[in-house]
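Remarks on the overall topology
What follows is the residue order along each chain.
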Amino acid sequence: MVSVLIDKNTKKIISIVEGQKLRSTSEYDVHYTEKIDESEILKELSSLGILGETVFFDILFKRDALGDVLMLMPVIAGLKNEYPYLKIALQTDEWIVPLFETNKLFDSVVDFRTSISGHHEVDLCKIGDFIASRDGRENQHRTLYYEDRTKEILSDYSFTSKGNFELYFQENINFKEKVLELNGLKVLLAPKSKSYFRMWGYRDYDEKNYHRELELIKQLPEWNFVILDVEHLDQFDKIDNVLNLSGETDILACATICKYVDFGIVPDSGIMHLLGALDIPTIALFGNVTEPEYRISKYEKVFPVTTPTKKFNSRSYKKEPYCHISNCWDGQVHNCMGEKHEKWCMKEISIDKILNIYEQDIKGGLTSSSFINNPYNFKKYTIKPSSKLLNYKGIRSS
């Protein structure tokens, strides 16, 4: 037991006493902790907002959005690997803080409302200020942009990004058990994305979102699908081979689920980056993006699905509309909305195309999965001759 004495007026640390459980007085409050290392104690107090003083660190990184923070992590890991004595803090979105606050790379992780400073501040939030572009889009993957910008600010430090960092976080045991209880192949689906144009689904004639994932689920009853989203998606309720956890998770539960599925099929989103950082095989749905590797960062097991566009021809376009925009990252995505070719690039991503990537890049690596022991989930389902999975690639049921 460690007692940390904090002045009631100044909110500054007076003393740290190990082995005694002291009591608060009229002059100071006492915070109890099991941590012994002073930097860990400071990290805990600052993350809880107990200290009223502005806490100073060697380097303060600022970046919002889950995917972007994860693409920044190799830079921080490389810096910390070269200079382990540095006290590094991260300031990010409040909902993301729990995912990184126990990570050994950081001495403190706080939200943007918390007062915190560093001798060097690496503010990467205004990405347009330092990302060079070619024809309106990025010309290298974002981790390299973050590395270049960090080296520009920290000119006295020499380091190289470290892609194989370990993502430490406090697992949610309840959601871990829910996933592990599934018998057979466990596939994560995240149907929605921040951008409508990144989603595999589309709006129907009644302006309601239709999720293509429902077709995948129907055609593959042998697989177990886990659904994630911030909001509850009732379209996935009451389906036998679906565990619908949409609207039920915080960031730690979400990360835990990602860690224990066998693979994911998701659009370009924070979930894609989370799966990639956890080294979980992932089929990433990109549509019209000519260089998806710039978004995949250094993830070795994320496999992109893209749809090449066509040159515009008025006659063929009138017969069957298609996308002729060179790249959605050109800032031309508004040209897609409400047009006959709206979401054409995503609609062109077929279930067969996804199954091809699964067969070629993912299936052979699932050696440790429960799927290998019980590939067709005999506990729930009976294989029928019409099974999409059995008929695929020439396989037949007996």
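Read on for an overview of the structure. Remember, it's a predicted structure, so these values are computed and weren't measured experimentally.

Within the chain one finds 14 helices and 17 strands. By the burial criterion, 50% of the 398 residues in the chain qualify as buried. Look at the contacts in the chain between residues 6 or more apart in sequence, and 59% of them connect residues 24 or more apart. Here the chain displays about 19800 Å² of accessible surface, and carbon together with sulfur accounts for 47% of that area.

This next bit is on the packing of aromatic side chains. One pair of aromatic rings is described through two measures. These are the centre distance and the angle between the planes. If you walk through the whole model with that rule in mind, you get twelve aromatic pairs. Taking the centre distance of 6.5 Å and the plane angle of 90° together, the rings of F100 and F106 count as edge-to-face. Classification of F100 as buried rests on a relative accessible area of 0%. Ring centres of F312 and Y317 lie 5.5 Å apart, and the angle between their planes is 55°; on these two criteria the pair is classed as tilted. Assessed through its relative accessible area of 52%, F312 is described here as exposed. Its relative accessible area of 14% is what places Y317 among the buried residues. Put simply, the rings of W223, F225, F263 and Y358 pair up and form one aromatic cluster. Its guanidinium or amino end placed over the ring of F159, K151 lies 5.4 Å from that ring's centre, counting from NZ or CZ. The ring of Y196 is capped by K343, whose NZ or CZ atom sits 4.2 Å from the centre of that ring.

Our focus in this paragraph is the pairing of strand β15 (residues 263-267). Burial analysis of β15 places five of its five residues in the buried class, which makes it a mostly covered element. Note that strand β10 (residues 186-189) and β15 share three bridges and pair parallel. Of the residues in β15, the one forming a bridge with L189 is I265. Bridging between β15 and strand β16 (residues 282-287) involves four bridges; their strand directions are parallel. Each residue of the ladder has a partner; that of P267, found in β16, is L285. The parallel pair β15 and β16 is bridged by helix α8 (residues 270-277), and the resulting crossover is right-handed.

What follows deals with the state of the cysteines. Inspection of every chain in the model, using the stated rule, returns zero disulfides. Counting only cysteine sulfurs, C258 is the nearest neighbor of C254, a cysteine outside any disulfide, at a range of 4.4 Å. Residue C254 is classed as buried on the basis of its relative accessible area, which comes to 9%.

Scoring rules and cut-offs
- Residues numbered from 1 in each chain as written.
- Predicted model: local features only at pLDDT ≥ 70, side-chain atom pairs only at ≥ 80, totals over all residues.
- Heavy atoms only, no water.
- Helix = DSSP H or I, 4+ residues; strand = E, 2+ residues; numbered from the N terminus.
- Buried < 20%, exposed > 50% of the residue type's maximum accessible area, 1.4 Å probe, protein only.
- Contact = heavy atoms within 4.5 Å.
- Areas by Shrake-Rupley, 256 points an atom, 1.4 Å probe, with all protein chains shown as cover.
- Phe/Tyr/Trp six-rings, centres within 6.5 Å; stacked < 30°, edge-to-face > 60°.
- Lys NZ or Arg CZ within 6 Å of the ring centre and 35° of its normal.
- Pairing = 2+ DSSP bridges.
- Right-handed = clockwise from strand over helix to strand, strands pointing away.
- Disulfide = S-S within 2.5 Å.

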